[in-house]
Amino acid sequence: MMTSEDLFPTRHDERHERFSRVDPVIHARNQERWNGPLDEVSLSRYERDGFLWFEGFFSRERMKPFFDELKEMARDTDLMNSDQVIKDPDSGDLRSVFDMHRISERFDKLTRDPRILGMVRQLLGGDVYIHQSRINDKFGFQGSGFNWHSDFETWHSEDGMPRMRAVSASIMLTDNNEFNGPLMLIPGSHHYFVPCEGSTPKDNWKDSLKAQRLGVPSQENLIDLVNQGGIQAPKGPPGSLLLFECNTLHASNKNLSPWPRANLFFVYNSVDNTLEQPYCGNQPRPDFLGNREDTEALAMHDHLEPL
Ligand code: 6CS
Ligand code: FE
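Since this is a predicted model, take the numbers as computed values, not measurements.

Moving on: the packing of aromatic side chains. For the coordinates displayed, the defined rule picks out 12 aromatic pairs. An angle of 85° between the planes, with centres 5.0 Å apart, marks the rings of Phe57 and Phe58 as edge-to-face. Phe57 sits in the buried class, given a relative accessible area of 16%. Looking at Phe58, the relative accessible area reads 1%, which means it is buried. Taken together, the aromatic side chains of Phe8, Phe19, Phe152 and Phe193 make up a single cluster linked through ring pairs. A cation over an aromatic ring shows up here: Lys71 above the ring of Phe139, its NZ or CZ 4.9 Å from the ring centre. The aromatic ring of Phe146 is capped on one face by Arg95, whose charged end is 3.9 Å from the ring centroid.

Moving on, we come to the site of ligand 1. Taken together, the neighbourhood of ligand 1 is formed by Gln132, Arg134, Phe146, His149, Asp151, Thr154, Trp155, Leu209, Gln212 and Arg285. Arg285 is positioned such that a nitrogen or oxygen atom in its side chain is 2.9 Å from an oxygen atom of ligand 1. Contributions of two or more residues to the shell around ligand 1 are made by strand 5 (128-138), strand 6 (146-149) and helix 7 (151-159). By residue number, the principal contributor to the shell around ligand 1 is helix 7, which donates three residues. Here the residues of the shell around ligand 1 sort into three nonpolar, four polar and three charged.

Looking now at the pairing of strand 4 (residues 94-98). A large share of strand 4 lies buried, amounting to five of its five residues. In textbook terms, the turn of a hairpin is the stretch between consecutive antiparallel strands, and for strand 3 (residues 85-87) and strand 4 this stretch comprises six residues, one of which, Gly92, has a positive phi near 80°. With three bridges connecting them, strand 4 and strand 5 associate as antiparallel partners. Opposite Val97, over in strand 5, you have Ile135 as the bridge partner.

We now examine the pattern of salt bridges. Taken as a whole and assessed by the stated rule, the structure comprises 26 salt bridges. Across the pair Arg33 and Glu40 runs a salt bridge whose closest N-O atoms are separated by 2.9 Å. Residue classification places Glu40 among the partly exposed positions, given a relative accessible area of 28%. Between Glu72 and Arg75 there is a salt bridge; the shortest N-O distance is 3.1 Å. Judged by its relative accessible area of 48%, Glu72 falls in the partly exposed class. Through salt bridges with shared partners, a single ionic network connects Arg11, Glu153 and Glu158.

Moving on, we get to the coordination of the iron ion (ligand 2). Within the protein, the atoms that donate to the iron ion (ligand 2) are His149 (NE2), Asp151 (OD) and His250 (NE2), at distances of 2.1 to 2.3 Å. Along the chain, the residues that donate to the iron ion (ligand 2) are spaced as H-x1-D-x98-H. With a gap of 101 residues between them, His149 in strand 6 and His250 in strand 11 (residues 250-252) connect regions that are remote in the sequence. Grouping residues by exposure puts His149 and His250 together as buried.

Another aspect to go through is the side chain of Asp159. With respect to the secondary-structure elements, Asp159 resides in helix 7. Residue classification places Asp159 among the buried positions, given a relative accessible area of 1%. One polar contact links Asp159 to Arg285, side chain to side chain, over a distance of 2.7 Å. Filtering out sequence-adjacent residues up to four positions away, Asp159 remains in contact with His131, Thr154, Leu275, Glu276, Pro278, Arg285, Leu289, Gly290 and Arg292.

About the cut-offs
All residue numbers refer to position in the chain's written sequence, counted from 1. In the order they appear in the text, chains get letters beginning with A and ligands get numbers beginning with 1. Given that this is a predicted model, residues contribute local features only at a pLDDT of at least 70 and side-chain atom pairs are listed and counted only at 80 or more, while totals for whole chains, interfaces and linings are drawn from all residues. Note: side-chain values were computed over all heavy atoms of the structure, leaving out hydrogens and water. Put simply, two rings from Phe, Tyr or Trp (the six-membered ring, in Trp's case) pair if the centres are within 6.5 Å, and we call them stacked under 30 degrees between planes, edge-to-face over 60, tilted for the rest. Residue exposure (1.4 Å probe, protein chains only): buried if accessible area is under 20% of the type maximum, exposed if over 50%, otherwise partly exposed. Both a distance and an angle decide whether a charge sits over a ring: NZ of Lys or CZ of Arg must be within 6 Å of the ring centre and within 35 degrees of the ring normal. Throughout this document, a residue counts as near a molecule or strand when at least one of its heavy atoms sits within 4 Å of that molecule or strand. Nitrogen and oxygen atoms within 3.5 Å of one another constitute a polar contact, given that in protein one can donate a hydrogen and the other can accept it, and given that sequence-neighbouring residues count only through two side-chain atoms. Numbering of helices and strands runs from the N terminus, with a helix taken as a DSSP run of H or I at least four residues long and a strand as a DSSP run of E at least two residues long. Three classes are used, and their members are as follows: Ala, Val, Leu, Ile, Met, Phe, Trp, Tyr, Cys and Pro are nonpolar, Asp, Glu, Lys and Arg are charged, and the others, Gly among them, are polar. Here, any two strands with at least 2 DSSP bridges between them count as paired. The term salt bridge refers to a side-chain nitrogen of Lys or Arg lying within 4 Å of a carboxyl oxygen of Asp or Glu. Because water is not among the atoms used, a metal site may look incomplete, as its donors are only the N, O and S atoms within 2.8 Å, or 3.2 Å for Na, K and Ca. By definition in these notes, contact holds between two residues if any of their heavy atoms fall within 4.5 Å.

Put into structure tokens, the structure is as follows:
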């Protein structure tokens, strides 16, 4: 498999300065830009900030079966002992379950809900497939956080994703409030690629999914970008939806509240941006982290369940 020229050098020992984005934020061209559910105000906001927040997108009731299914999975010992389940480094409890769309029909159908897929196709300018799906589950009083990072920096370096033409849809399965470790984003950070220092060890994912040590921008870069754009932590009830661009810097704190924080993530990648050889030079990560097998264009499913 070929690897295109590496436009985003990262994970080297020598230091590289951040530089301005070279890919469009919205990939639909000309009139195609307005061919979808997002109006120009939303498109302009996404372009400016690198994310869109839809509080209460789905109803609380609509999310309950998804949260119940997650609790059901936590009782499946075979699944809990598989590589696609990451345990919390401190408590040993469930932290992430990857490939949700392949183990649950309910989750798979959600990836093709036209009210989400229509927006994603508009942002990415055409056909898309699922690069990665996961549930991040932060139990009360523990749930470790995730350090600052750009998902694209990891997916380019460790999965061989060539360009910035992917978007994450995150659906809240529980309340996300100021106390239970909500996702924090740096508006506007997606306009820069921030190279990160340090070479990537073999099988890095076995540690990075527990605690992100590599692929963390320098404090100097973080100070600059936060001074420019601030930090926002969208909060809302179960069913709220966050769309964030693959290169928007984000992080989340430990959950010291008694309340759980569980969010579902689907990462949509353009069919014109399929994975090549990892740019860090390692072997490709497992398919449940960076899908290479099933890159068929997703079709919108036609019978709509109530929001
Ligand atoms: O390595 C990855 O693919 C994952 N790591 C983080 C911290 N966010 C994106 C993704 O789930
Ligand atoms: Fe991330």
